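# Summary of the model geometry
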Amino acid sequence: MAGEFRSSAWAVVGAMLLILAGCRPPQDDPLERALSGLDRQPPVAFASIAPGLYNHDLALELKCDDGSTGPVSGCGDIHYTLDGSPPTINSRLVVRLIDITQSTVVRFYAIDKQGNRSPDYSVAYQIDKAPPQVTVTTAGHLYWLTCSDGDGSGCATVYYTTNDTDPDTSSPVYQAPYPITLDCLTDILGYKAVDKAGNWSAVQYSFYSEPVDVQANPGASRFVNRNTAVVLDGSGSSPAATIYEWRQLSGTGILPTKSVIGITQSFSAPDIIGTLRFQLRVKTALYQPDGVTPICYSAPALVTVQVMEDVSRMVFVDGDLGDDVNDGSFTAPVATISQGLALANTAAADLYVKVRQSANGSTSAYNEIANTLIARDGVSMYGGYGADWTRDVSSHPVQIVTDYNGIHFQNVMHGAEISGFEIKASAPLIANHDVFGVRVSGGGGSPVFWISNNTITSASVNELDKVANLLRGSSYAVHVTGVATLVLQDNVLRAGDGAAGANGTQGAPGANGLSGVTSETRLGAISTYAVANGGDGGQAAANGGSCQVPGFAGSGGAFGGLAGTVDVMSGESGLTGTAGADGVDGVINGDGTGTFDGMMGLNQAVIGQGGTDGQPGLIGGGGGGSYCVTAPTRPWFDGAGGGSGGEPGTQGTMATGGADGGVSAGVALHLIGSASLQGNDIRSGNGGNGGAGGTGGLFGLGGRGGRGAIVHVPNTLVFARGGDGGRGGDGGRGGDGASGSGGPSYGIYLGYGVASASIQNNAIRAGNGGAGADTSNHGPAGNGGVSYGIYDRDINDGSVTVAGNTLVKGAGGRGGGGEEAQVSIFMADTNNLPRELVEQEKKKQQIRDAYGPDGRTGVAAETNY
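Right, let's walk through the structure included here. (Residues numbered from 1 in each chain as written. Predicted model: local features only at pLDDT ≥ 70, side-chain atom pairs only at ≥ 80, totals over all residues. Heavy atoms only, no water.)

### Description of the packing of aromatic side chains
Going through the model one piece at a time under the given rule, you end up with 20 aromatic pairs. Both rings, one in phenylalanine 436 and one in tyrosine 476, keep their centres 5.4 Å apart while their planes meet at 15°; by these two values the pair is stacked. Taken together, the positions of phenylalanine 436 in strand β34 (residues 435-442) and tyrosine 476 in strand β37 (residues 475-489) put the pair 40 residues apart, joining distant regions of the chain. Each member of the pair, phenylalanine 436 as well as tyrosine 476, carries the same accessibility label: buried. The interplanar angle of 25° and the centroid separation of 6.0 Å between the aromatic rings of tyrosine 749 and tyrosine 791 together place this pair among those described as stacked. Pair noted here: tyrosine 749 is in strand β43 (residues 745-750) and tyrosine 791 is in strand β46 (residues 787-792), with a separation of 42 residues, a long-range link. (Phe/Tyr/Trp six-rings, centres within 6.5 Å; stacked < 30°, edge-to-face > 60°. Helix = DSSP H or I, 4+ residues; strand = E, 2+ residues; numbered from the N terminus. Buried < 20%, exposed > 50% of the residue type's maximum accessible area, 1.4 Å probe, protein only.)

Structure follows, in structure tokens:
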């Protein structure tokens, strides 16, 4: 035994010496084994887009990688800043893609689930979306081109031609400061520039002219209806003119080539509202009589053709030169959108709006936040008009800041359109309102409504909307209901976040019951509840002769104690009243997907039901009968009266349910015959979190029973007592309200009654679903809000064609019970899709479900079908 001990001791000493020498002992070390299972390596964070110069907005994803070998705990949070400051634990947390719309420095770091922090990272993005500008200066035959890019990335190259062709990257490069020489044989200079970010200027043209004896006259500028015949007539030029050259400078292509010859030019006005500009140059002959010296064209003269919807119904808005006292004609425009709509609504006219110019020459917005902008049936709105009333929807979008109603087209029964605007709908300043960018409400008939070439933004709904018992606020960039045909084309649509649902109200506690009344005589005490009266005591014999019958319980005393007898002089106490039943808790009906009636989401958790009142306490028994002995000298005494029963406690009132979180939808459609959505950039915000359900009111306690009367038999130690009243029953607890579900986020929401929809070549990104509210009472927790790129509410109301879209889904909201809501890029009626599309959808489902670093927060894009 001693030898074994010595061997063990030497083994321990040897192991310690090995450790001190820096060697691992050969046997297993539990401490080292535990430490070796920890993740002690920091994660790596990186940006999805390389830093650099870009000419468009970016949707940046910050990602984390915690490795795949050794102990790995997994990525946790990523914190970031956008102002160049170092990120901290209090900095913004990555929950979705980050929109980079201007030059920005993004700094960030990641933490894994073991708490290891990555290094700080920094990426810089320069955003330049403005094209450069080219100006020309001349001196006789010499032409100089100058490029400027303002505060942008700087000019890169200027290309030019002199042969009446559009310049491109294969054209000659202008070399400043050397001039370009023009003459009458090569007198058409075309030029355009590109900056370092890749933005191109528009093609411009210059012409060399020498003084000549003829002048061009293309006729008067005019307004024409679309699809009507137009004749350009140069016969008003100098009589000596023999050659007439027309050139179209802007608008939809009308003339077959850049330059056409002829005194007149005839064409049909296009179907698109816009501005057509033409120039006319004339000359007498190609050459002088010597046949060698060229004859130059006259200076060009311009004519404008404004293509309108109906020239008999026009109202014009000019925020810089107009006045609201004007009649709204082209020569006397009004100054505000609201006044323009007032005139247009009265005359069923169309509204044409020119951009506003700020003091520094940039465009500024029409501020209509104090007004509600409503367009009645038959009214269209056309923006995109520049300072000279040339319409270019891409270069001159008219900016409007509206209230939370946005622009509402009401009772639409005839075709109408809105195009060429940049609309920003503001958050509501009062409670319980949704936010709409553009809203269309059909009024019957078979109208075709166009929404094209706009940028429409609906603000996030602020917390003013979180008011008890009211529906939550939702945010819709475009909301359309009840039109036969909708065309949504080439728009940029941004919906804000839905508001958090209101918390349910708490139930009021029940009142305690009053105590019963104490009896003072043979008669039982009287209660406010008839069945709780005390019983009367027994009555003594009038002649004092024989033993009397004991007293009985008084009126309503069926549940009272028995009266006292000759031998038992005290009556029994009444029974305690039955307690009221508890109220039934509310049940949840919001499932995180929301419901629509063409106006807004309407789900709200069901309120709890109230408890019932407690029953009254039962009456006390009657007092004892007269005391009975055989000795005639003993008098008879009446029995004592019983006390009344205690009053019941009342019920606690029911609580209300928490409201569901608000909806965020880039596009929401309801009751549409045919919808075509093409070429749009659509993003929704996050759904609002659900509100917590209220707690039902506590029950009231039943009142104590009244005491019975006491009678003393003289000359004895005997006391006769009436029975006490029973205690009142307690009230029932009020029912608890259910908690609200998180609001959904939809890129595109197809509601009920959408007969057919074609969704093609759009960029669609959904936000995150809102969280369902937890519950600390008896009511159920709310569900998490869903996130869908495209969602078809009713798969049986029509067919949906989906092709060529880039779709990004967000994360499903977490329910109050811990479960997560469903996410999908496309949730639609697959029974009506072509078979090959259904098969592709099935193949992609596993990929969709696996998106995101943690299996939940998918942000990767898919090009579908």
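### Points about the sheet that holds strand β9 (residues 121-127)
Overall, mixed pairing links the five strands, which are arranged β2-β9-β8-β5-β6 in an open sheet. Edge positions in the sheet fall to β2 (52-54) and β6 (92-93), since each of these pairs with one other strand and no more. Bridge count between β2 and β9: three bridges; the pairing is parallel. If you follow leucine 53 over to β9, its bridge partner there is glutamine 126. (Pairing = 2+ DSSP bridges.)

### Digging into the pattern of salt bridges
Going through the model one piece at a time under the given rule, you end up with 16 salt bridges. Aspartate 271 is the partner of arginine 226 in a salt bridge, and the nearest nitrogen-oxygen pair spans 3.9 Å. Within this pair, whereas arginine 226 is found in the loop between β16 (222-225) and β17 (229-233), its partner aspartate 271 is found in the loop between β20 (264-268) and β21 (274-283), the two being separated by 45 residues in sequence. Arginine 226 gets classed as partly exposed once you look at its relative accessible area, which sits at 25%. (Salt bridge = Lys/Arg side-chain N within 4 Å of Asp/Glu carboxyl O.)

### Concerning the sheet that holds strand β14 (residues 188-195)
By definition, the strands of a sheet pair up through backbone hydrogen bonds, in either a parallel or an antiparallel sense. Spatially, three strands are ordered β12-β14-β15 in an open sheet, and the strand pairing comes out antiparallel. Only two strands of the sheet have a single partner each, and these edge strands are β12 (155-161) and β15 (204-207). Averaged over neighbouring strand pairs, the angle between their axes works out to 25° when direction is ignored. Looking at chain direction, β14 and β15 are connected through four bridges and run antiparallel. Note that in β15 the partner of isoleucine 188 across the bridge is phenylalanine 207. (Axes fitted to C-alpha atoms, helices over the stretch in contact; angles between N-to-C directions.)

### Some remarks on the side chain of threonine 275
By secondary structure assignment, the location of threonine 275 is in strand β21. Residue classification places threonine 275 among the buried residues on the basis of a relative accessible area of 1%. Within the structure, the side chain of threonine 275 is placed 3.3 Å from the backbone oxygen of tryptophan 389, a separation counted as a polar contact. At 2.8 Å, the side chain of threonine 275 forms a polar contact with the backbone nitrogen of arginine 391. Once residues within four sequence positions are removed from consideration, threonine 275 is found in contact with Ser250, Gly251, Thr304, Val305, Gln306, Tyr385, Trp389, Thr390 and Arg391. (Polar contact = N/O pair within 3.5 Å; in protein donor to acceptor, adjacent residues only side chain to side chain. Contact = heavy atoms within 4.5 Å.)

### Remarks on the nonpolar core
Ranked by internal contacts, the top residues of the largest apolar core, which has 53 residues, are Ile337, Phe409, Ile418, Ile451 and Leu669. No other element matches the six residues that β37 contributes to this core. Apart from the residues lying within four places of it in its own chain, the contact partners of phenylalanine 409 are Ala375, Val379, Met381, Ile418, Val438, Arg439, Val440, Ser441 and Phe449. Grouped together as the second largest cluster of nonpolar side chains are 21 residues, Val214, Ala216, Tyr244 and Phe278 included. (Core = buried A, V, L, I, M, F, W, Y, C linked by side-chain atoms within 4.5 Å.)

### Overview of the pairing of β14
Along β14, eight of the eight residues are buried, which leaves the element largely enclosed by surrounding structure. Burial of the side chains of β14 extends over both faces: Ile188, Gly190, Lys192 and Val194 are buried on one face and Leu189, Tyr191, Ala193 and Asp195 on the other. Sheet analysis places β12 next to β14, joined by six bridges and oriented antiparallel. Paired with tyrosine 160 across the strands is tyrosine 191, a residue of β14.

### Overview of the environment of valine 94
With respect to the secondary-structure elements, valine 94 resides in the loop between β6 and β7 (98-100). Look at valine 94 and you get partly exposed, because its relative accessible area is 23%. Filtering out sequence-adjacent residues up to four positions away, valine 94 remains in contact with Leu62, Ile78 and Tyr80.

### Side note on the state of the cysteines
Disulfides are covalent bonds that connect the sulfur atoms of two cysteines. Applying the stated criterion across every chain, the model contains two disulfides. Put simply, cysteine 64 and cysteine 75 are joined by a disulfide, and their sulfur atoms are 2.1 Å apart. Looking down the S-S bond of the cysteine 64 and cysteine 75 bridge, the torsion is -85°, so its handedness is left-handed. Pair noted here: cysteine 64 is in strand β4 (residues 62-65) and cysteine 75 is in strand β5 (residues 75-81), with a separation of eleven residues, a long-range link. A relative accessible area of 16% means that cysteine 64 is categorised as buried. Linked covalently through their sulfurs, cysteine 147 and cysteine 155 form a disulfide whose S-S length is 2.0 Å. Residues cysteine 147 and cysteine 155 are joined through a disulfide that is left-handed, its torsion about the S-S bond being -85°. By relative accessible area, which is 25% here, cysteine 155 ends up partly exposed. (Disulfide = S-S within 2.5 Å.)

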